Amino acid sequence: MTSLTARALLFDMDGTLVDSAESIDRVWREFAGRHRLDPATVLAALPGRTAHDIVAGFLPAAEVTAEVAWIRAREEATADTVTEIPGARRLLTSLPDRTWAVVTSASRTMTERRLTAAGLPLPAVAVCADDVRSGKPDPEGFRAAARLLDVDIADCVLFEDSAPGLLAARRSGGTPVAVAALTTEPAAYRVDDLTALTARPQDGRIHLEITQAQTELAEGIRR
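Residues numbered from 1 in each chain as written. Predicted model: local features only at pLDDT ≥ 70, side-chain atom pairs only at ≥ 80, totals over all residues. Heavy atoms only, no water.

> How should empty space enclosed by the protein be read in this particular structure?
The gaps left among the atoms become clear once a water-sized probe is rolled over them. Tallied over the entire structure, the rule returns 1 cavity of 30 Å³ or more. Estimated volume of the largest cavity: approximately 80 Å³. Among the residues making up the lining of the largest cavity, the classes are represented as 5 nonpolar, 6 polar and 2 charged. (1 Å grid on protein atoms, 1.4 Å probe; cavity = no way out; pocket = protein on both sides within 12 Å on 5 of 7 lines; lining within 4 Å. Points joined across faces, edges and corners; volume = space filled by probe spheres on them. Nonpolar A, V, L, I, M, F, W, Y, C, P; charged D, E, K, R; others polar.)

Here's what the structure looks like:
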């Protein structure tokens with residue numbers, strides 16, 4: 001068992017708090033079909049990135065805004081396929097308000113829809129795709145969430161599942177934890193899902209116990 005403490009916990013959403021893979025896969029396969037793109041290439045470009053950045057990698061700049069609007073509309077229509085990552089509800093409901101936030105590449109509308117569809121509480125602070133100038137792997141979103149919670153990012157534990165997300169977490173200065181991550185992008189700790197975590201708030205801090213955690217060798221990213 002590993003123990004650590006923090007002032008706040010910052011969570012990615014898709015793949016970290018909610019399993020939205022079926023919904024996301026369906027929409028982006030439709031996008032690929034609309035533009036005669038290889039679906040595998042499109043799906044490989046998704047993890048951790050905003051819809052705008054993904055679309056901009058495949059289409060001319062003049063088409064990006066309209067296509068992102070189409071994607072968001074389709075995602076809203078398929079949000080009912082979203083479920084919680086095991087342990088997410090138990091963990092989030094154990095945390096006091098303003099000790100946790102969501103930092104996601106999804107829009108604010110989809111953030112609320114997916115968390116609600118998965119039966120998870122809505123955070124007091126959420127930094128979404130529309131709130132940042134640069135998406136992950138840029139650390140802007142995580143740093144913004146820490147500021148909104150009025151805590152030092154160095155005193156935060158950050159949970160992510162994608163390579164861009166974990167890179168953003170490391171660059172932010174927080175302590176990154178990889179959740180169900182297939183990527184080899186370094187993290188301080190790795191867990192299969194959120195059932196491995198137990199949080200105990202006390203004296204303005206969150207005391208975390210992590211069972212069955214794989215500890216990375218990179219001491220520079222573990223606090």
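> Could you clarify how one ought to interpret the environment of tryptophan 28 in this entry?
Position of tryptophan 28 relative to the elements: it lies in helix α1 (residues 21-34). The exposure class assigned to tryptophan 28 is buried, which follows from its relative accessible area of 3%. Counting along the chain gives 23 residues from tryptophan 28 to alanine 51, while the straight-line C-alpha distance between them is 9.8 Å. If near-sequence neighbours (up to four positions away) are discounted, tryptophan 28 is found in contact with Val42, Leu43, Leu46, Ala51, Ile54, Val55, Ile71 and Glu75. (Helix = DSSP H or I, 4+ residues; strand = E, 2+ residues; numbered from the N terminus. Buried < 20%, exposed > 50% of the residue type's maximum accessible area, 1.4 Å probe, protein only. Contact = heavy atoms within 4.5 Å.)

> What is the right way to look at the environment of alanine 8 in this model?
Position of alanine 8 relative to the elements: it lies in strand β2 (residues 8-11). Accessibility expressed as a relative area gives 0% for alanine 8, which makes it buried. For the pair alanine 8 and arginine 34, spaced 26 residues apart in sequence, the C-alpha to C-alpha distance is 42 Å. Beyond its immediate chain neighbours, meaning those up to four positions away, alanine 8 contacts Thr99, Leu149, Val151, Asp155, Cys156 and Val157.

> I'm lost on the side chain of aspartate 14 in this one. Help?
Mapped onto the fold, aspartate 14 is located in the loop between β2 and β3 (18-19). Given the relative accessible area of 17%, aspartate 14 is considered buried. There is a polar contact of 2.5 Å between the side chain of aspartate 14 and the side chain of serine 20. Residues within four places of aspartate 14 in sequence aside, it is in contact with Ser20, Ile24, Thr104, Ala106, Arg114 and Asp161. (Polar contact = N/O pair within 3.5 Å; in protein donor to acceptor, adjacent residues only side chain to side chain.)

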